[in-house]
Amino acid sequence: MLAIKHSKSVVNKATNSASRCVSNRINKITLKVVFVGDQAVGKTSLRNRYLKRVYESKYKITIGAEFSVKRFLKTSLIVTMQIWDLAGQQQFKPVRTLYYSGTMGAVVVYDVSRRETFERIPEWVEEIIHHNDDRPVPLLIIANKIDLREYELGVIDCVSREEGEMLAKRLKEMFRERGHPMPVQFCEASAKLGLGVDEAIDQFLKSLVINA
Ligand SMILES: Nc1nc2c(ncn2[C@@H]2O[C@H](COP(=O)(O)OP(=O)(O)O)[C@@H](O)[C@H]2O)c(=O)[nH]1
Ligand SMILES: [Mg+2]
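Residues numbered from 1 in each chain as written. Chains lettered and ligands numbered in written order. Predicted model: local features only at pLDDT ≥ 70, side-chain atom pairs only at ≥ 80, totals over all residues.

## A closer look at the site of ligand 1
Around ligand 1 lies a shell of 20 residues, among which Gly-42, Lys-43, Thr-44, Ser-45 and Lys-192 are the nearest. Elements supplying a minimum of two residues to the shell around ligand 1: helix 2 (43–52) and helix 6 (146–151). The element best represented in the shell around ligand 1 is helix 2, accounting for three residues. Here the residues of the shell around ligand 1 sort into five nonpolar, 10 polar and five charged. (Near = placed C-beta within 6 Å. Helix = DSSP H or I, 4+ residues; strand = E, 2+ residues; numbered from the N terminus. Nonpolar A, V, L, I, M, F, W, Y, C, P; charged D, E, K, R; others polar.)

## So, helix 5 (residues 121–130)
Given 3.6 residues to a turn, an α-helix orients residues that are three or four positions apart in the same direction. When we look at burial in helix 5, the residues that qualify are Ile-121, Trp-124, Val-125, Ile-128 and Ile-129. Burial along helix 5 is one-sided: seen end-on, the buried residues are contained in an arc of 140°. Exposed side of helix 5, more than 90 degrees from the buried face: Glu-123 and His-130 are the residues found there. Buried residues along helix 5 sit in contact with strand 1 (27–36), strand 4 (105–111), helix 4 (115–119), strand 5 (139–144) and helix 7 (161–177). (Buried ≥ 20, exposed ≤ 12 C-beta atoms within 10 Å, placed from the backbone. Arc of directions from axis to C-beta. Contact = placed C-beta atoms within 7 Å.)

## Description of the environment of Leu-195
With respect to the helices, strands and loops of the structure, Leu-195 is situated in the loop between strand 6 (184–188) and helix 8 (197–211). Classification of Leu-195 by C-beta neighbours within 10 Å gives partly exposed; the count is 18. With 51 residues separating them along the chain, Leu-195 and Asn-144 place their C-alpha atoms 9.3 Å apart. Beyond its immediate stretch of four places on either side in the chain, Leu-195 contacts Ile-146, Ala-189 and Ser-190.

## Description of unusual backbone geometry
Phi angles above zero are rare outside glycine, and Arg-53 is one such case at about 60°. Mapped onto the secondary structure, Arg-53 falls in the loop between helix 2 and strand 2 (65–74). Arg-53 sits in the partly exposed class, given 13 other C-beta atoms within 10 Å. For Asp-134, which is not a glycine, the phi torsion comes out positive at approximately 60°. Within the secondary structure, Asp-134 is located in the loop between helix 5 and strand 5.

## Let's talk about the pairing of strand 5
Burial analysis of strand 5 places six of its six residues in the buried class, which makes it a mostly covered element. Taking every second residue as pointing to the same face, both faces of strand 5 are buried, with Leu-139, Ile-141 and Ala-143 on one and Leu-140, Ile-142 and Asn-144 on the other. Direction of pairing for strand 4 relative to strand 5: parallel, over a ladder of six bridges. Paired with Asp-111 across the strands is Asn-144, a residue of strand 5. Bridge analysis of strand 5 against strand 6 gives five bridges, and the strand direction is parallel. Across the sheet, the residue bridging to Ile-141 is Phe-186, located in strand 6. (Pairing = 2+ DSSP bridges.)

## Observations regarding the sheet that holds strand 5
Pairing is mixed in the open sheet, where six strands are placed in the order 2-3-1-4-5-6. Where the open sheet ends on each side, the last strands, each with one partner, are strand 2 and strand 6. Between one strand axis and the next, the sheet turns through 20° on average, direction left out of account. The sheet contacts of helix 7 involve strand 5 and strand 6, and relative to strand 6 the element is tilted by about 170°. (Axes fitted to C-alpha atoms, helices over the stretch in contact; angles between N-to-C directions.)

## What about the environment of Ile-142?
Structurally, the position occupied by Ile-142 is in strand 5. Between the C-alpha atom of Ile-142 and that of Asp-111, which follows or precedes it by 31 residues, the distance is 8.5 Å.

## A closer look at the nonpolar core
Proteins that are soluble and globular tend to have nonpolar side chains buried together. Membership of the largest hydrophobic core comes to 52 residues, with the highest contact counts inside it found for Val-108, Ile-141 and Ile-142. Among the elements that take part in this core, helix 8 stands out by supplying six residues, more than any other. Setting aside chain neighbours within four positions, we find Ile-142 in contact with Leu-46, Val-107, Val-109, Cys-187, Ala-189 and Ala-200. (Core = buried A, V, L, I, M, F, W, Y, C linked by C-beta atoms within 7 Å.)

That is the geometry; function is a separate question.
See the structure below:
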């Protein structure tokens, strides 16, 4: 977890005391992050697990986009992170395009138990690049639902960790070849069990602040 997490009151308190003491040294920054990936891969669940520490097994479709804000302090910087959870279905593509503008990082999710969602990751990355003046942004690729891989061995042709890591490496190389090197992080997670989620997203958001 980041030192101070989704706790408005803590930030406000810190802001107030900071503004009394060193107001001229407090800087503010707003960063926009989008969560993308196919329908039902677990984008909303990962976001909820990270921001609210909850998990729901009943599927509720995301219509268009959902938006949340997370604030935290980093040394003398107040960081406001806008987190956009975009609906993955094809019919929402026209709506999605409205939300990419100004994106500074993207969390791209697939479901290890549905190989087609992994195979579509490059399309998602191209969609992000296309709506960002043909420039890539830092990526965090999340291989979600690893709990299903554990328990349904042999039943499903699950995507392995090695395949996920290879994909992240390939994307990084592709960005470099296009003349826009960008970090591409990779992690495996289970929103259901709360595995891997906090560490990976925390690290990713921190890296965006450092590079902003
Ligand atoms: N087994 C398992 N199910 C998950 C996991 N994450 C999400 N789900 C389920 O997958 C379905 C789709 O999740 P949701 O977050 O709505 O997907 P989204 O369409 O990408 O936002 C829901 O029924 C979730 O409960 C996970 O890590 N493991
Ligand atoms: Mg959703």
